[in-house]
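Structural overview for review
The primary structure of each chain is shown beneath.
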Amino acid sequence: MPQPHLSPEQQPSNQRQIPSIKTIGPVVDEVIDIARQKLKHPIKVRLWTWEDREFKVRVKHWYPAGANNRYGYEAIVQYHSDREVVEGFFAERDTETDDLEVLLETEFGRLPDPVEK
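Residues numbered from 1 in each chain as written. Predicted model: local features only at pLDDT ≥ 70, side-chain atom pairs only at ≥ 80, totals over all residues. Heavy atoms only, no water.

1. Let's talk about the overall build of the chain
What the chain contains, in helices and strands, is one helix and five strands. Listing every helix and strand of the chain by position from the N terminus yields α-β-β-β-β-β. The proportion of buried residues among the 117 residues of the chain is 32%. For the chain, the share of sequence-separated contacts (at least 6 apart) that also reach a separation of at least 24 residues comes to 43%. For the chain, the computed accessible surface area is about 7900 Å², with 47% contributed by carbon and sulfur atoms. (Helix = DSSP H or I, 4+ residues; strand = E, 2+ residues; numbered from the N terminus. Buried < 20%, exposed > 50% of the residue type's maximum accessible area, 1.4 Å probe, protein only. Contact = heavy atoms within 4.5 Å. Areas by Shrake-Rupley, 256 points an atom, 1.4 Å probe, with all protein chains shown as cover.)

Listed below in structure tokens is the structure:
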């Protein structure tokens, strides 16, 4: 007897799938390309994937705090598959408390989520 189609959230955890890099790679590459154009170097890339088949890629450049200043700055380009938007942020980070305050937000375009859900 055929099984009913279940959404990823309804599937038992042993049947959920993290999206493959083969599937999400083109979007990850596009976000990195945008970041290379918008951010100073060096850049750091982080990738998160979840069992509900969502993913997030964040690329950032860190501007360290000065000798007499506790605030550093982060320039970030980010994409989350649930929003399908490439966003940019410029934020101030307090190096003593780790608090982050977004000072500027912008949108760099939309990329469709390549993962079939």
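Now that the structure has been shown, the text picks up again.
2. Let's talk about the pattern of salt bridges
A side chain of one charge can pair with a side chain of the opposite charge when the charged atoms of the two come close. One pass over the structure, following the stated rule, counts seven salt bridges. Residue Lys 60 pairs with Glu 74 through a salt bridge whose shortest N-O separation is 3.6 Å. You can see Lys 60 sitting in strand E2 (residues 55-63) and its partner Glu 74 sitting in strand E3 (residues 71-80), a full 14 residues away along the chain. Classification of Lys 60 as partly exposed rests on a relative accessible area of 23%. The closest approach of N and O atoms between Glu 96 and Arg 70, which form a salt bridge, is 3.2 Å. Taken together, the residues span a long stretch of sequence, with Glu 96 in the loop between strand E4 (85-94) and strand E5 (100-110) and Arg 70 in the loop between E2 and E3 at a distance of 26 residues. (Salt bridge = Lys/Arg side-chain N within 4 Å of Asp/Glu carboxyl O.)

3. Thoughts on the pairing of E5
Where E4 and E5 come together, nine bridges link them in antiparallel fashion. Among the inter-strand pairings, Phe 89 is bridged to a residue of E5, identified as Glu 105. In this antiparallel pair of consecutive strands, E4 and E5, the connection spans five residues, and Asp 98 shows a positive phi of 70 degrees. (Pairing = 2+ DSSP bridges.)

4. Re the side chain of Lys 56
Summarising the element assignment, Lys 56 is placed in strand E2. Excluding residues within four positions of it along the chain, Lys 56 makes contact with Arg 46, Leu 47, Trp 48, Trp 50, Gln 78, Tyr 79 and His 80.

5. A look at the packing of aromatic side chains
Under the definition given, this model contains three aromatic pairs. With a centroid separation of 5.6 Å and an interplanar angle of 40 degrees, the aromatic rings of Phe 55 and Tyr 79 are classed as tilted. With Phe 55 in strand E2 and Tyr 79 in strand E3, the pair connects residues that are 24 residues apart, well separated along the chain. Judged by its relative accessible area of 0%, Phe 55 is buried. Residue classification places Tyr 79 among the buried residues on the basis of a relative accessible area of 0%. Ring geometry for Tyr 73 against Phe 90: centres 5.6 Å apart, planes inclined by 5 degrees, an arrangement best described as stacked. Of the two residues, Tyr 73 is situated in strand E3 and Phe 90 in strand E4; the sequence distance between them amounts to 17 residues. (Phe/Tyr/Trp six-rings, centres within 6.5 Å; stacked < 30°, edge-to-face > 60°.)

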